[in-house]
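Descriptive analysis of the structure
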Amino acid sequence: MPGARRQIASAADEDRTDTDDGLLAVRAAEGDEEAFAVLVRRHAPPLIRLATRLLGSVPEAEDAVQDALISAWRKLPGFQHQSSFRTWMYRIVTNRCLNILRRRRPLAPLEAAGEVPAPDHAVSPPRLAESRAAAGDLQAALSSLSPEQRTCWVLRELDGQSYEFIADAVGISQEAVRARVFRARRCLTQELGAWR
């Protein structure tokens, strides 16, 4: 009999993983913790990738997503289903990241960080230096964007989201998204001109 129970429980878990986000959100809003756990497993990895791209720090991104998920759990009974659960979560995470970016103090100059030890792998020193310089220049160029431009650019260019999705996630019109992405591209092109 215990084997049969495990098979039934396993089948129930498989059913939940195939269940639509909307139905899971309704169940979670009614207090079903397992339904919410399925939503978390389904959506946390892309949300962490987004937050990492926006904030530039994995630990900070994980904290932001965790806070967003806690907030979502609390607000789920009031979720109106005017957008998909995924879009709703992107909006919560994006807003959390924007708030963090707005509160940040300007970063210290690179020289203040001191010498960083070289990694222990077989990449040629010139290639490694070039990669680090390019990554540093990109990070500096991204930090020169407003948090709103950076968010729209990251969602469009790095996450591959549609203008419609970004507009829903950020809470602005598609035209405003297009304008922010355009301005961000123009700024990044100017900032990274040496890398063309």
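Residues numbered from 1 in each chain as written. Predicted model: local features only at pLDDT ≥ 70, side-chain atom pairs only at ≥ 80, totals over all residues. Heavy atoms only, no water.

1. Thoughts on the layout of surface pockets
Of the voids in this model, the second largest pocket is the one considered here, and its volume is about 180 Å³. Around the second largest pocket, the lining residues are Lys75, Gly78, Phe79, Gln80, His81, Gln82, Ser83, Thr87, Trp88, Arg91 and Asp168. Among the elements that line the lining of the second largest pocket, the one with the most residues is helix H5 (residues 85–103), at three residues. Across the lining of the second largest pocket, the residue classes tally to two nonpolar, six polar and three charged. (1 Å grid on protein atoms, 1.4 Å probe; cavity = no way out; pocket = protein on both sides within 12 Å on 5 of 7 lines; lining within 4 Å. Points joined across faces, edges and corners; volume = space filled by probe spheres on them. Helix = DSSP H or I, 4+ residues; strand = E, 2+ residues; numbered from the N terminus. Nonpolar A, V, L, I, M, F, W, Y, C, P; charged D, E, K, R; others polar.)

2. A closer look at the nonpolar core
Membership of the largest hydrophobic core comes to 48 residues, with the highest contact counts inside it found for Leu76, Phe85, Trp88, Met89 and Val93. Elements represented by at least two residues in this core include exactly helix H2 (21–29), helix H3 (33–55), helix H4 (58–75), H5, helix H6 (125–144), helix H7 (147–158), helix H8 (163–170) and helix H9 (174–191). For valine 93, the contacting residues outside a window of four places in its chain are Leu47, Leu50, Ala51, Val65 and Ala68. (Core = buried A, V, L, I, M, F, W, Y, C linked by side-chain atoms within 4.5 Å. Buried < 20%, exposed > 50% of the residue type's maximum accessible area, 1.4 Å probe, protein only. Contact = heavy atoms within 4.5 Å.)

3. Some remarks on the packing of aromatic side chains
Per the stated rule, a full pass over the model turns up five aromatic pairs. Here the aromatic rings of phenylalanine 36 and tryptophan 73 are separated by 4.9 Å at their centres, their planes lie at 55°, and the arrangement is tilted. A residue pair is termed long-range when its members are at least 10 positions apart, and phenylalanine 36 in helix H3 and tryptophan 73 in helix H4 qualify at 37 residues. By relative accessible area, phenylalanine 36 is classed as buried at 10%. Under the relative-accessibility criterion, tryptophan 73 is labelled partly exposed at 30%. Arranged with centres 4.8 Å apart and planes meeting at 80°, the rings of tyrosine 90 and phenylalanine 165 form a pair that is edge-to-face. Separated by 75 residues along the polypeptide, tyrosine 90 in helix H5 and phenylalanine 165 in helix H8 bring together distant segments of the chain. For the residue pair tyrosine 90 and phenylalanine 165, the accessibility class agrees, reading buried in each case. Through a chain of ring-to-ring contacts, the aromatic side chains of Phe79, Phe85 and Trp88 assemble into a single cluster. The side chain of arginine 156 reaches across the aromatic face of tyrosine 163, ending 4.2 Å from its centre. (Phe/Tyr/Trp six-rings, centres within 6.5 Å; stacked < 30°, edge-to-face > 60°. Lys NZ or Arg CZ within 6 Å of the ring centre and 35° of its normal.)

4. Comments concerning H7
Compared with the 16 Å implied by 1.5 Å per residue over twelve residues, the 15 Å span of H7 between its first and last C-alpha is a close match. Within the sequence span of H7, burial applies to Pro147, Gln149, Arg150, Thr151, Cys152, Trp153, Val154 and Leu155. Tucked into the core, H7 has its buried residues touching H3, H5, H6, H8 and H9. (Expected span 1.5 Å × (residues − 1).)

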